[in-house]
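Letter by letter, the chains look like this.
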Amino acid sequence: MKAVQTLGAAIIGLGGLLGCSSSSDDAQPSTPPPPAPPPAEVLYEAELRITEYGVPHVAAADWGSLGFGHGYAYARDNYCVLMREVVIANGQSQRFFADEGSVSRDFVFALLGDDVEEVVLSAFDEESLALAEGYVAGFNRYLEDTGVGNLPDDELGCRDAPWVRPIDLVDYGKVLRKLSVRASTDPLADFIFAAEPPQAEAAAVSRPKASVKSLDPAALREAIERIDLPKPEDLGSNAYAVGSDATQHGRGALLGNPHFPWEGSNRFAMVHLTMKPEGEEQPTYNAMGAALHGFPLVSIGFNSDLAWTHTVSTGSRFVIYELDLNPDNPLQYEFEGEMRDITSQTISIEVQGDGGAVETREHTFYFSHFGPILDLGDVNSLLAGWPIAAGTGKVFTLRDINFSNFRGLTTWRNVAQSRNIAELETALSNIGIPWVNTIAADRAGTAFYGDISAIANVSDEQRGDCITGPIAPLLTDFGLTTLDGSRAACELLEDQDSPQPGVIGYQRLPKLINQTYVANANDSYWLSNPSSLLSGYPEIIGAEGVEQSQRTRLTFTQMEQRLAGTDGLGAPGVTAELLQELMFGSRNMPAELIRDDVVTLCGAVADWSPYSANEAAMNQACSVLAAWDGRHNVDSVGGQLFYEFWLNISGQENLWAVPFNAADPVGTPNTLNVADAELVEMVRQALADAVQRLLDNNIALDAPWGEVQFSERNGVRIPIHGGSGSMMFSVITSELVENEGYSDIRHGNSYMQTVDWDESDCPNAYALLSYSQSSHSASEHYDDQTRLYADKEWVDMAFCEAEIVADQLGETIRLQQLDE
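Residues numbered from 1 in each chain as written. Predicted model: local features only at pLDDT ≥ 70, side-chain atom pairs only at ≥ 80, totals over all residues. Heavy atoms only, no water.

A. Seen up close, the overall build of the protein chain. Helix and strand content of the protein chain: 24 helices and 31 strands. Considering only intrachain contacts with a sequence separation of at least 6, the fraction spanning at least 24 residues in the protein chain is 70%. Looking at the protein chain as shown, the accessible area adds up to about 32200 Å², and 48% of this sits on carbon and sulfur atoms. (Helix = DSSP H or I, 4+ residues; strand = E, 2+ residues; numbered from the N terminus. Contact = heavy atoms within 4.5 Å. Areas by Shrake-Rupley, 256 points an atom, 1.4 Å probe, with all protein chains shown as cover.)

Right, dumping it as structure tokens:
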């Protein structure tokens, strides 16, 4: 392979520039030169332009070249992030990052990657495979051009790191598979690793079989509650899709607002990708937005006629099966009256041993026909199942449908090529999206919501028949749907329109299409529009008729007020610019419901000594809360006080005077229950505790929010508006750091976009990446968008050619990869 890069300059051979002459008297006959070798074939060819705030625009004529250009463009800003993820996906974190990760997760990731070449990559369609191969080549090309010694050397850098190397397609496949099981196998990794059968000596010991009926229900419930079940790492989102009846211009509009981590690989990077085959008048693919780090296509974005986004879905990607072990052989379980063998697979990884020496370790995983065996800790112990002894009860096993879902690239490619909601539905129907809802709007003014994701196909009838005994219902209530693993009737169902056995098909998944609006903020499909509640879907997709989160309620409250024109933002209706106002309004839903009552209760206290030793601070707190504007803008004073108070009081069962009513999910519950004397005491104590926590951390009660919550970039504190998702639409999840404030921002508003249309061919699109485009601290694009975020400004997305030319920074980069 030979790489060629030009920067708009022609390279002309020296022989053509320098004339070489000799005297005719000295001329001698010479042997004809050998024929020139045939020109090298161009494998990949792409054009890269950069516009304001570091947004890359990649253009190519085929899928492989598009991936090539994107991989190179991504690496310019974030090479070390993906390279680190390659190490982790290969199960090598303990080999190279001994102080990070865990041996258990390394083994599980090595297991996940063991069959990538044979199973995952072979399932890709032709376009997806070409795209992935090109992305790998482009990513490697950046390393070749830059050199490991010139990579970033900051905190997230990898200059001269021993783990930096050219990656291959298998490496990349492992990264993509790890991403697809982010909401299923990944958070269960420790339970998969922990499953070990009884030792042979223990198996020979005769022990009475524990009777499930004799289990202490309280002890079992406590054991289940002690299960340390990690949730998908800080993933959430908000979204609006607005139709022609609700916009001011009669066309569609969309707000996308995923809440993803601010560090690591689960972040977004902006990109514009265009693929136009030679000879074609129009591009086959032309989409702009953002891609998750290392993903080769636009994940959330827009094209000339459609805009889409995603929110994390409530649907379950996996189920657990409860197996009855053979009393005479703990490596067998009963299924349909017969004993089946538990199989095993041994995986090897390398780790750093004492003194830094590299050691090879092995671990054996165990499997039923459903999937890997799990050890649920104290629950297993109570059941006397693995790893206690033989012949003593039950064991659990995992069935993860996304372990066999390799359709994601195809789905997202087709989504970005869709021109309207009807085409979007066709694109989504192969159920390749692993764990998110889709919300979209088109130019014509149709709005779409759908939980069209890979969800385990368990009917409500199966839930009634297969969740049996004292254990499975408790695990199911805990969030781990647990079915009887001894009967074929409890296997996942197959739908005729599903591309994969065990996955719910398109027709049975919830969706809502209208010309008004749809929205989602991570509660279930049930409330997608308060005028059109969705019901009658399998319970495994999500709950119906239940109390909604404060964030969901604010999502619909502010949209209903916008459509009524009662929010102070002008005439009713929506535009892209007005969606930005909703996005950055920094409203606090609980504060709107109870702040006035809390202030009244606070001011009525004549003696704070029963609650606090600091009378002066409590009196100040009452004044600060009374004067607070109820928002978390950078200049709002009092937000930290209410936040800490809300953390203390929000879980009280008797908090509300008006309880939840399924007929009014947006408006209920409401009104602080001031008639309950016990609750009044709790409110005052919660406020006193909030004051004390702030004082203990040297946080002034009357400090502006932007001085309390900030992101430090290269030694400069950038104020950050927004706040906790337990209260707000505009989410920033930050930890309180002593003597600083909420400076440890780990999650929240990430890539945000507002899109609508006018009479022109170009979409009216604005976007913002809260943590900025580059992870390299020396880059000018390390903090430029973070500063925009602080000022509530947006990037005007250059989609059409004239816009790109006007906003372009520097020269066009033309990339080629030759096959010698």
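Anyway, onward from the coordinates.
B. The arrangement of the state of the cysteines in detail. Within the structure shown, the criterion is met by 4 disulfides. Linked covalently through their sulfurs, Cys80 and Cys158 form a disulfide whose S-S length is 2.1 Å. Because the torsion about its S-S bond is -75°, the bridge between Cys80 and Cys158 counts as left-handed. Here Cys158 lies in the loop between helix H6 (126–146) and helix H7 (169–180) and Cys80 lies in helix H2 (residues 63–89), a separation of 78 residues in the sequence. On the basis of relative accessibility, which here comes to 2%, the residue Cys80 falls in the buried class. For Cys158, a relative accessible area of 2% gives the class buried. Note that Cys762 is cross-linked by a disulfide to Cys800, the S-S spacing being 2.0 Å. Note on the Cys762 and Cys800 pair: the S-S dihedral is about -125°, so by sign convention the disulfide is left-handed. Placement of the pair is Cys762 in the loop between strand E28 (751–756) and strand E29 (764–769) and Cys800 in the loop between strand E30 (795–796) and helix H24 (801–807), with a sequence separation of 38 residues. The exposure class of Cys800 is buried, given its relative accessible area of 18%. Each disulfide of the protein chain joins two cysteines, and with those cysteines numbered along the sequence the arrangement is 1-2, 3-4, 5-6, 7-8. (Disulfide = S-S within 2.5 Å. Buried < 20%, exposed > 50% of the residue type's maximum accessible area, 1.4 Å probe, protein only.)

C. Inspection of a negative patch on the surface at higher detail. Side chains of Asp114, Glu117, Glu118 and Asp168 sit close together on the surface and give a patch of like negative charge. Here Asp114 is to be found in the loop between helix H4 (103–112) and helix H5 (116–123). (Patch = residues over 30% accessible without salt bridge, like charges linked within 9 Å, V, L, I, M, F, W, Y side chains within 5 Å. Salt bridge = Lys/Arg side-chain N within 4 Å of Asp/Glu carboxyl O. Lys, Arg positive; Asp, Glu negative; His and termini not counted. Charge placed at Lys NZ, Arg CZ, Asp CG, Glu CD.)

D. Spotlight on unusual backbone geometry. Cis geometry is found at the peptide bond from Thr668 to Pro669, where omega equals 0°. The phi torsion at Asp160 lies on the positive side, around 60°, for a residue other than glycine. You can see Asp160 is positioned in the loop between H6 and H7. Of the residues examined, Asp160 reaches a relative accessible area of 54% and is grouped as exposed. Despite not being glycine, Ser586 shows a phi value in the positive range, around 55°. Relative to the helices and strands, Ser586 resides in the loop between helix H17 (576–583) and helix H18 (589–603).

E. Representation of the pairing of strand E27 (residues 741–749) within the structure. The element E27 is extensively covered by neighbouring structure, given that 7 of its 9 residues are classed as buried. Here strand E5 (residues 253–261) pairs with E27 via 3 bridges, running antiparallel. Opposite His259, over in E27, you have Asn749 as the bridge partner. Of the pairings in the sheet, the one linking strand E26 (residues 732–737) to E27 comprises 5 bridges and is antiparallel in character. Residue pairing for E27: Glu735 is matched across the bridge by Asp744. Hairpin remark: E26 followed by E27, antiparallel, with 3 residues in the connecting loop; positive phi at Asn739, about 70°. (Pairing = 2+ DSSP bridges.)

F. Examining the packing of helix H19 (residues 615–627) against helix H21 (residues 677–696) more closely. Put simply, H19 and H21 touch, their axes get as near as 10 Å, and they point 100° apart. On the basis of their axis angle, the class for H19 and H21 is roughly perpendicular. Contact residues: Ala617, Met618, Ala621 and Leu625 in H19; Leu687, Ala688, Val691 and Leu695 in H21. (Axes fitted to C-alpha atoms, helices over the stretch in contact; angles between N-to-C directions. Parallel < 35°, antiparallel > 145°, perpendicular 65-115°, else oblique.)

G. Here's a closer look at the packing of aromatic side chains. If you walk through the whole model with that rule in mind, you get 28 aromatic pairs. Judged by centre distance (5.3 Å) and plane angle (15°), the rings of Tyr44 and Phe68 are stacked. With Tyr44 in strand E2 (residues 41–51) and Phe68 in helix H2, the pair connects residues that are 24 residues apart, well separated along the chain. Assigned by exposure class, Tyr44 and Phe68 land together as buried. Taking 5.3 Å as the distance between ring centres and 80° as the angle between the ring planes, the aromatic pair formed by Phe584 and Tyr789 counts as edge-to-face. You can see Phe584 sitting in the loop between H17 and H18 and its partner Tyr789 sitting in helix H23 (residues 784–790), a full 205 residues away along the chain. Of the residues examined, Phe584 reaches a relative accessible area of 4% and is grouped as buried. Assessed through its relative accessible area of 0%, Tyr789 is described here as buried. Cluster of aromatic residues (ring-pair linked, three or more members): Tyr72, Tyr79, Phe139 and Tyr142. One residue, Arg84, lies across the ring of Phe97, its end atom 4.4 Å from the ring centre. Across the ring face of Phe96, the terminal group of Arg95 is positioned such that the distance to the ring centre comes to 4.4 Å. (Phe/Tyr/Trp six-rings, centres within 6.5 Å; stacked < 30°, edge-to-face > 60°. Lys NZ or Arg CZ within 6 Å of the ring centre and 35° of its normal.)

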